[in-house]
Amino acid sequence: MNRTEYKNQHAKEHYDRINFKIPKGEKERIKAAASGMGMSVNEYLFALVCDDLASGESRFGKKKQGFNEEQRRMLEKWQVPRKYHDMIEDLSYTKDEGYFIYLKEGYVNDATGSRNIHCEKTSEVRRIIGKTHKK
C-alpha cells in the first residue's frame, strides 16, 4: 500500500465526512475568519459545532427565539413588503455584521439558495427578499 492509499484508508476508518453548500462568496468569509484565528476551515467549523455541543446550548439557537413585535417594526423600517413578513422566522441587525433574515421551514430564497439571507444594506434586503417563495 502506497502513502496516498494509506492516508485515504486511515481517513476512511477514523473520520466521518459532512458536506454542505453555502451561498457564493461566503466561503471566502469563512476562510478569512478561520485564518484570522490560525485555523483551517475544517478546524474552525468543527470548533464552532463542538462549542455548541459541549455547552449544551447553541448561540444560534438562542438567537432564534421567535419573531417578535420589535422585529416586525424593523421590517417596517427596512421597508420590506408585508407579504414577506409571514415567511420570516427570525431576523437581526448589527452594525458590524449587517442584516440577517432566517426564513421559516418550507420557504427558500432564490438569491441565496437557502433559508438564510445576509445583506449589508436595506436596499439589498428588499431586493433579495423579493426572491423568496414557498418551496
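Quick summary incoming for the structure in this document.

Rules used in this analysis
Residues numbered from 1 in each chain as written. Predicted model: local features only at pLDDT ≥ 70, side-chain atom pairs only at ≥ 80, totals over all residues. Heavy atoms only, no water. 1 Å grid on protein atoms, 1.4 Å probe; cavity = no way out; pocket = protein on both sides within 12 Å on 5 of 7 lines; lining within 4 Å. Points joined across faces, edges and corners; volume = space filled by probe spheres on them. Helix = DSSP H or I, 4+ residues; strand = E, 2+ residues; numbered from the N terminus. Nonpolar A, V, L, I, M, F, W, Y, C, P; charged D, E, K, R; others polar. Buried < 20%, exposed > 50% of the residue type's maximum accessible area, 1.4 Å probe, protein only. Pairing = 2+ DSSP bridges. Contact = heavy atoms within 4.5 Å. Polar contact = N/O pair within 3.5 Å; in protein donor to acceptor, adjacent residues only side chain to side chain.

Rolled over the atoms, a probe with the dimensions of a water molecule shows which regions are left empty. One number sums up the size of the largest pocket: a volume of about 2500 Å³. The set of elements that each furnish at least two residues to the lining of the largest pocket consists of helix H2 (26-36), helix H3 (41-55), helix H4 (59-63), strand E2 (98-103), strand E4 (116-119) and helix H6 (122-129). In terms of residue count, H3 provides more of the lining of the largest pocket than any other element does, 9 residues in total. Class assignment for the residues of the lining of the largest pocket results in 22 nonpolar, 7 polar and 16 charged.

We now examine the pairing of E2. With 6 of its 6 residues buried, E2 lies for the most part within the structure. Pairing of strand E1 (residues 88-94) with E2 involves 6 bridges; the strand directions are antiparallel. Bridging from a neighbouring strand, Tyr93 pairs with Tyr99 of E2. Here E1 hands over to E2 after 3 residues, the two strands then running antiparallel side by side. Pairing of E2 with E4, which is carried by 4 bridges, proceeds in the antiparallel orientation. If you follow Phe100 over to E4, its bridge partner there is His118.

Before going further, it helps to spend a moment on the environment of Thr132. Tracing the backbone shows Thr132 in strand E5 (residues 132-134). Separated by 25 residues in the primary sequence, Thr132 and Tyr107 have C-alpha atoms spaced 6.9 Å apart. If we ignore the near neighbours within four places in the chain, the residues touching Thr132 are Tyr84, Met87, Leu103, Val108, Asn109 and Ile117. Here Asn109 takes part through its side chain, which lies 2.8 Å from a polar atom of the side chain of Thr132.

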